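Commentary on secondary and tertiary structure
Here is what each chain is made of, one letter per residue.
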Amino acid sequence: MNDNDSKTATAERLSDTEWLENKWNRTDWKAVKNSVKRLQTRIAKATKENKWNTVKRLQYLITHSYNARLMAVKRVTTNKRKRTTGIDRELWTTPASKMRAVLTLTDKRYKSRPLRRIYIDKKNKKAKRPLGIPTMYDRAMQALYAIALEPVAETKADSRSFGFRQYRSCHDACEYIFSALSQKISPVWVLEGDIRGCFDNINYEWLINNIPTDKSVLKQFLKAGYIFNGELFPTDKGTPQGGIISPILANMTLDGMQGVLEERFHKNQDGKYSRRTKAKHKVNFIRYADDFIVTADTEETALEAKEILKKFLRERGLELSEEKTMITHIDKGFDFLGWTFRKFNGKLIIKPSKKSINGFTRTLSDLIFGKAKAWLQNNLIYQLNMKLRGWLNYYETVCSKQTFTYIDYVLFQMLWKWAKRRHPRKGKKWIINRYWHRKGNRRWVFSSENAVLITASHTKIVRHSKIRLDMNLYFAHEYFMEKKFRQGMTRLKGKFRKLWNIQKGCCYLCGMPIDNTEQHEIIITSITGNMAFVHTDCKPLFSQVTARKGDKIPELYDSETVTYSS
């Protein structure tokens, strides 16, 4: 900051760091988000009208706007990987460093740095999954260009694609599968599809020729290379898993699968869409990320659909995994997104898959007999409740009562072994009185003075209302906000439901809507002493402001009863 001509006394001038910190802390995030949303809506409208020159000009405008850069930096400094470093080992943890990043973020002479390659375990598999971690600056650049690309991707997306899209979820995919297969006249054959190494094998040339964004910047994202064990490796295909823009690029690559199937199975000989032709073949397409299913009236139709999709993917450098791609009769059932879909005597039943149940019980076992061997009961209950709540929230929309009862049984057996191991010289009665208590009409409740273990079988089954396929986020924002608000009212109970209703599903601090898929917390406000829902990333800023004013910093409850996340 140049202050040579300032008339303010030297002792009263703010340093560069203080000025940057104040500028970040005083940002009106609601106004920033609304400004960016208006530009995104204009991009979506131009995309819908196929005015690609207008799209290009608006994308340039948004990627060079101050508000979009603020949103990009905020995104990379508040997500789950905010403390994961790239090859430069740099993090933006202070308000001053975040604001400095906003002011220096530009595409002029931009050159992406190589990614830091790590390998993580695949779920229930021995093979490792490669992840590429960009530097903070490269992540912010990707977030900035993702803001400009998202309206195009959303407007041109397949209507039955549910992965990596805002306000669409696995549960929406589940409901549309149920709609396609639940009736007596529904199709009985299902093609289960899986794309081999989707992120790692997308053709660069296809991406550069077909993705409507700045080509020079896109090339930098794609050809950055990666460093592993101190050695630089070039990349000549694929988009790195771990990049913010990668899911959007992967979705745009796969968009069109629904279209090629409808072209073949929903059109008559005159080339017009026909309900009779559609009803004859009974072909429905549902995709979540790189996993998809195709329904069909016969096995031959399913095989034909498979060949059509193979050709579509081949043009993009992709192929189906022969081991995971199979054609199944609905009476035998199939697994998709952790659920098992199967018809019993003509009735479609959706339940948690055996693979998912076994994986979850293994997770509980590893926690109880691994990390928690010497934990206090309070700490163990807190960790178990977090895992139980997430798993129960995911499966509470299907036929899961029997599964939840089984989870209670398995968990009791594990906790009994845990308790006996801690007190090998004590009798059964003493152990029961120490760890299990009576709560109201309930007996044998694993609890302490400050914490109570969730009972899985008490979870109510709450049906998910599926999303309307013709709704676009940028043209019907109120519809999505209302839907999220209703979901919160359905899932929350008691004082938390009342609180959600009072705040209209919005953050107490920033005023922006709280997405149920985001982590959010409950604080006690220092002004009124009442509870309030806030975004997880809003609470630290609120604490800094109240600390400067001399107020008491609000503390987050430790009890599981006042922390809600879905």
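Relevant structure appears above.
Now for a look at the structure at hand.

Rules used throughout
Counting starts from 1 at the beginning of each chain's written sequence and moves along it residue by residue. For this predicted model, a pLDDT threshold of at least 70 governs which residues receive local features, and a threshold of 80 or more governs which side-chain atom pairs are given and counted, while totals over whole chains, interfaces and linings are taken from all residues. With hydrogens and water stripped out, all remaining heavy atoms of the structure feed into the side-chain values. Numbering of helices and strands runs from the N terminus, with a helix taken as a DSSP run of H or I at least four residues long and a strand as a DSSP run of E at least two residues long. Think of it in three bands: residues with accessible area under 20% of the maximum for their type are buried, residues over 50% are exposed, and the middle band is partly exposed, with areas taken using a 1.4 Å probe on protein chains only. Pairs of residues are marked as contacts when any of their non-hydrogen atoms sit within 4.5 Å. Note that accessible areas follow from Shrake-Rupley with a 1.4 Å probe, and for residues the cover is restricted to the protein chains shown. Definition of a polar contact: a pair of N or O atoms within 3.5 Å, with one able to donate and the other able to accept a hydrogen when the atoms are protein atoms, and with sequence-neighbouring residues admitted only if both atoms are side-chain atoms. Note: two strands are recorded as paired if DSSP finds a minimum of 2 bridges between them. Here an axis means a line fitted to C-alpha atoms, over the contact stretch when the element is a helix, while the angle between two N-to-C directions is reported on a 0 to 180 degree scale. For Phe, Tyr and Trp, where Trp contributes only its six-membered ring, two rings pair if their centres lie within 6.5 Å, and the inter-plane angle classes them as stacked under 30 degrees, edge-to-face over 60, or tilted in between. Note on geometry: a ring has a charge over it if NZ (lysine) or CZ (arginine) is within 6 Å of the ring centre and within 35 degrees of the ring normal.

Quick word on the overall build of the protein chain
When helices and strands are tallied, the protein chain shows 21 helices and 15 strands. Counting every position in the protein chain, which comprises 566 residues, the buried fraction comes to 48%. In the protein chain, once contacts between residues fewer than 6 apart in sequence are set aside, the share between residues at least 24 apart is 69%. Of the roughly 30,000 Å² that the protein chain leaves accessible, carbon and sulfur atoms contribute 50%.

Focus on the side chain of H464
Among the structural elements, H464 can be located in the loop between β13 (442-446) and α19 (477-491). Within the local environment of H464, its side chain forms a polar contact with the side chain of D172, the two groups lying 2.8 Å apart. Excluding residues that lie within four positions of it along the chain, H464 makes contacts with S169, H171, D172, E175, T397, K483 and Q487.

Observations concerning the sheet that holds strand β9 (residues 334-336)
Taken in spatial order, the 3 strands make up an open sheet running β9-β10-β11, and their pairing is antiparallel. Taken across any chain shown, the strands that pair with only one partner, and hence form the sheet edges, are β9 and β11 (347-352). Neighbour to neighbour, the strand axes of the sheet diverge by 30° on average, direction disregarded. With 6 bridges joining them, strand β10 (residues 339-344) and β11 adopt antiparallel strand pairing.

Observations regarding the packing of aromatic side chains
All chains considered together, the criterion is met by 29 aromatic pairs. Where Y167 meets F480, the ring centres are 5.6 Å apart and the plane angle is 35°; that geometry is what we call tilted. Taken together, the residues Y167 in the loop between α6 (136-156) and α7 (170-181) and F480 in helix α19 connect sequence positions 313 residues apart. Here the two residues Y167 and F480 agree in accessibility, since each one is buried. A centroid spacing of 5.8 Å and a plane angle of 35° characterise the contact between F285 and F292, whose relative ring orientation is tilted. Accessibility assignment for this pair places F285 and F292 in one class, buried. Grouped by ring-pair contacts, the aromatic residues F412, W416, W418, Y435, W436, W444 and F446 constitute a single cluster. The ring of W29 has K74 lying over it, and the distance from NZ or CZ to the ring centre is 4.6 Å. Residue placement shows K426 over the ring face of W430; its charged tip is 4.9 Å from the ring centre.

Worth remembering: the numbers are spatial, not functional.
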